[in-house]
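Breakdown of the fold
Spelled out from the first residue to the last, the chains are:
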Amino acid sequence: DLRPLHVLRGGVPVPGVAGRGVLDVGLVPLPASVLPGGGAPVVVGASTRLVATGAAREVAAVAADRLARTLGSVPAVVEGPARPGDLELVLSPDAVRALGEPAVDVADEGYDLAVGEGRVVVSARAVPGLRHGLTTLGQLLAAAPPEGGGRALAPVTVTDAPRYPWRGLSLDVARHPLPLPDLLRVVDVLTDLRLNVLHLHLTDDQGWRLHVPSRPLLTERSGGTAVDGDPGGFLTGADWAALVAHARGRGVTVVPEVDVPGHTNAALHAYGELTPDGQAPPAYTGTEVGFSRLWADVPATEPFLRDVFADVARMTPGSPLHIGGDEVLAMDPEEYVRLVQMAAAAVEAQDRTVVAWQEAAAAPLPPGTVVQLWDERQDTGPLVAAAEAGAEVLLSPASRVYLDMKYDADFPLGLDWAGLVPFRRSWEWDPDDLVPGLPPEHVVGVEAALWSETTRSLDDVTTLLLPRLAAVAEVAWSAQARRDDDGFDGFAHRVRVLARAWERDGLRWYRAPDGVWD
Ligand code: TNX
């Protein structure tokens, strides 16, 4: 049942040596090229070390911890020289040459992984690529047969780079919060799928989840509430710093979202001065949307936006900042545009990239703004116009990648307003076909989303994410031609191997009936 594996380069199919047998080791997302080599397997195990010099050492400590899951012990990090069976990390401008010249915005994330002749070498142009190469190596190791207390890696050459530079998960921690240790585990799940953005929806009607020094009442009065009167909670500045550092060490950018001008009951509840009559509304623990709002002519509004985004920028060095902008049902369009522009100006004042949900495309936006599509039923004309005027588009089509949608009608968790999203449906789409008239070069990436109206724990969250997040990661990373070639069946077989790692790591996941499982 072997099918030829094709490596597509400039439209010319280069035949690989073997098909399903190689892919069966469970590489997800599918790399750009996997070529089996000849010769003896390379045995790695307890005496294996990580060999790294210079900037490559930056990744070694985190990588050593993660590789311990498959090696059985934490490998030592040394400067070299390498011995047979060591894992060598090399920074080199020549990496990923085999792919031709990768696009500038993904070249740093590309890597080569060469196993053979007694050596295991990961090379990349930059640190992010080294990290991804090590993740792929970890997947190969997890699937490699045991030998002499270690594992026998079959000779192979992987050359890889992502399709899109932004591959994310948007996680709602406002409706129901997750404590810091759970968020760190979510980052690790992203790392294993070569995803690189964790977008956190930190504020909504039901709660405010990040302590903001200039407006302490946000968490003091609105940090403790959640949907249905469930326990709330919020992240302190120290929690946030720990999360951002953990993510950074794993190549994940944390993108904080402060959702305005709608979804703001928690803010109004904490600061009554944000309302026209100065009266704070009561806390809200239901799940309706669209009823709360800021006011452009209330004097406290503009300083609120300026100070909050300045604080969040300071706490999240370098990150794009998400201003929300979705589902404002109770406001005339003119005032909506003024408020979006106020929020965008507050982010620009911090010299950061603005990110906003697709409704914000109704407003003139700074060039380089990332506009996030979520609702395919809305008119996408303004989105296409925004892209033509210099915005980038992030794709989160609800009917494909809203992982809070139920897998099937009886699924106990999740919603179904965008339809059911079976495992297969989250994989079987091409970003190029989603928005009529949107030139593909304006698409910056793909982001899954998980809204937390029905999730109360990390187990709930991962049950909805896994296995579908693996599908979204593959849509965002792998070339469409490669995916078409392998098909959903090929993908499902590879994810089956990944599911063993979820078991190993104690992550709750769903045996989706359209998958292939042990
Ligand atoms: C729509 S998507 C929302 C959220 C809900 C979600 C539930 C978007 C930008 N807004 O407020 O939580 O649906 O699926």
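Residues numbered from 1 in each chain as written. Predicted model: local features only at pLDDT ≥ 70, side-chain atom pairs only at ≥ 80, totals over all residues.

Points about the overall build of the protein chain
Helix and strand counts for the protein chain stand at 16 helices and 22 strands. Relative to the 2.2 N^0.38 estimate, which gives 24 Å for 518 residues, the radius of gyration of the protein chain is 23 Å and therefore close to what a compact globule would have. Along the three orthogonal principal directions, the C-alpha set of the protein chain runs to about 80 × 45 × 45 Å. Residue burial in the protein chain is summarised as follows: out of 518 residues, 51% are buried. (Helix = DSSP H or I, 4+ residues; strand = E, 2+ residues; numbered from the N terminus. Rg over C-alpha atoms; globule rule 2.2 N^0.38 Å. Buried ≥ 20, exposed ≤ 12 C-beta atoms within 10 Å, placed from the backbone.)

Re the domain arrangement of the protein chain
When the domains of the protein chain are assigned, the result is domain 1 (6-160) and domain 2 (166-477). Here domain 1 and domain 2 have C-alpha centroids that lie 34 Å from each other. Residue-level contacts link 8 residues of domain 1 with 11 residues of domain 2. When residues in the side of domain 1 that touches domain 2 are grouped by element, the largest group, 4 residues, is from helix α4 (residues 127-143). Residues of the side of domain 1 that touches domain 2, tallied by class, amount to 5 nonpolar, 2 polar and 1 charged. (Domains from an automatic or database assignment. Contact = placed C-beta atoms within 7 Å. Nonpolar A, V, L, I, M, F, W, Y, C, P; charged D, E, K, R; others polar.)

With respect to the sheet that holds strand β11 (residues 150-153)
Hydrogen bonds between backbone groups are what pair the strands of a sheet, and the pairing can be parallel or antiparallel. Spatial ordering of the open sheet is given by β4-β11-β10, a layout of 3 strands whose pairing is antiparallel. Looking at which strands have only one partner, the edges of the open sheet turn out to be β4 (42-44) and β10 (146-147). As paired elements, β4 and β11 share 3 bridges and run antiparallel to each other. Residue pairing for β11: V44 is matched across the bridge by R151. (Pairing = 2+ DSSP bridges.)

Quick notes on the site of the ligand
With respect to spatial proximity, the complete set of residues near the ligand consists of D172, V289, D326, E327, W357, W374, Y402, D404, L415, W451 and E453. Class assignment for the residues of the shell around the ligand results in 6 nonpolar, no polar and 5 charged. (Near = placed C-beta within 6 Å.)

Some words on the packing of helix α9 (residues 301-315) against helix α10 (residues 333-348)
Relative placement of two packed helices is described by the angle separating their axes and the distance separating the axes. Orientation of α9 relative to α10, taken along the N-to-C sense of each, is 35 degrees, at an axis distance of 8 Å. The handedness of the crossing between α9 and α10 is right-handed. Every residue of α10 that contacts α9 at E302, L305, R306 and F309 is listed here: M342, A343, A346 and V347. Residue classes in the contact of α9 with α10 are distributed as 6 nonpolar, no polar and 2 charged. (Axes fitted to C-alpha atoms, helices over the stretch in contact; angles between N-to-C directions. Left-handed = near helix turned anticlockwise from the far one by under 90°.)

Details of the environment of S92
In this structure, S92 sits in the loop between β7 (87-91) and α3 (104-107). We classify S92 as partly exposed; it has 14 C-beta atoms within 10 Å. Taking the C-alpha atoms as reference, S92 lies 5.8 Å from A124; in sequence the two are 32 residues apart. Discounting chain neighbours no more than four positions away, the residues touching S92 are S123 and R125.

A short note on α9
The first and last C-alpha atoms of α9 sit 21 Å apart over 15 residues, in line with the 21 Å expected at 1.5 Å per residue. Of all the positions in α9, only T301, F304, L305, V308, F309 and V312 are classed as buried. An end-on view of α9 places all buried positions within 110 degrees of arc, on one side of the element. (Expected span 1.5 Å × (residues − 1). Arc of directions from axis to C-beta.)

Describing the pairing of strand β13 (residues 166-172)
Here β13 lies mainly inside the structure; 7 of its 7 residues are buried. Side chains W166, G168, S170 and D172 project from β13 onto one buried face, and the interleaved R167, L169 and L171 project onto a second face that is buried too. Handedness of the crossover joining β13 and strand β14 (residues 197-201) through helix α5 (residues 180-192) is recorded here as right-handed. (Right-handed = clockwise from strand over helix to strand, strands pointing away.)

Looking at unusual backbone geometry
Of note, the amide linkage connecting V28 to P29 takes the cis form, showing an omega dihedral of -5 degrees. The phi dihedral of V96 is positive, around 55 degrees, even though this residue is not glycine. Within the element layout of this structure, V96 appears in the loop between β7 and α3. The class for V96 is buried, based on 26 C-beta atoms found within 10 Å.

Notes on the confidence of the model for the protein chain
Residues of the protein chain with pLDDT of at least 70 account for 95%, and the chain-wide mean is 93. Note that pLDDT drops below 50 for residues 1-22; the model gives that stretch 39 contacts with residues more than four away or on any other chain. For this predicted complex, the interface confidence score (ipTM) comes to 0.92, while the overall pTM stands at 0.95. (pLDDT = per-residue confidence, 0-100.)

A short note on the pairing of strand β19 (residues 354-357)
If a strand is regular, its side chains alternate between the two faces of the sheet. In β19, alternate side chains face the same way, and those of V354 and A356 on one face and V355 and W357 on the other are all buried. Here 2 bridges tie strand β18 (residues 321-324) to β19, and the two strands are oriented parallel to one another. Bridge assignment links L321 to a residue of β19, and that residue is V354. Between β18 and its parallel partner β19, the chain crosses via α10, and the hand of that crossover is right-handed. The pairing of β19 with strand β20 (residues 370-373) spans 3 bridges and is parallel. Bridge assignment links V355 to a residue of β20, and that residue is V370.

Section: the nonpolar core
Core analysis: the biggest nonpolar cluster contains 158 residues, and L198 and V393 have the highest contact counts within it. When residues are assigned to domains, this core turns out to be shared by domain 1 (6-160) and domain 2 (166-477), each giving three or more. Residues within four places of V393 in sequence aside, it is in contact with V371, L373, L383, A387, L438, H442, V443 and V444. (Core = buried A, V, L, I, M, F, W, Y, C linked by C-beta atoms within 7 Å.)

Some words on the sheet that holds strand β9 (residues 119-124)
Pairing within the open sheet is mixed, and its 7 strands lie in the order β3-β12-β8-β9-β7-β5-β6. Every other strand in the sheet has two partners, leaving β3 (33-36) and β6 (77-78) as the edge strands with one partner each. Two strands pair when backbone bridges link them, and strand β8 (residues 111-116) and β9 are joined in this way by 5 bridges, in the antiparallel orientation. Paired with A114 across the strands is V121, a residue of β9. α4 contacts β7, β8, β9 and β12 (156-160) of the sheet and is inclined by roughly 145 degrees relative to β9.

Examining α5
Along its 13 residues, α5 runs 19 Å from first to last C-alpha, staying within 8% of the 18 Å computed at 1.5 Å per residue. What α5 keeps buried is the set L183, V186, V187, V189, L190, T191 and D192. Buried positions along α5 lie against α4, β13, β14, α7 (237-248) and α14 (458-465).

Here we look at the packing of helix α2 (residues 57-71) against α4
At a minimum axis distance of 10 Å, the contact between α2 and α4 shows a crossing angle of 10 degrees. With respect to α4, the axis of α2 lies roughly parallel. Residues E58, V59, A63, R66, L67, T70 and L71 of α2 pack against V127, L130, R131, L134, G138, L141 and A142 of α4. The residue makeup of the contact of α2 with α4, split by class, is 9 nonpolar, 2 polar and 3 charged. (Parallel < 35°, antiparallel > 145°, perpendicular 65-115°, else oblique.)

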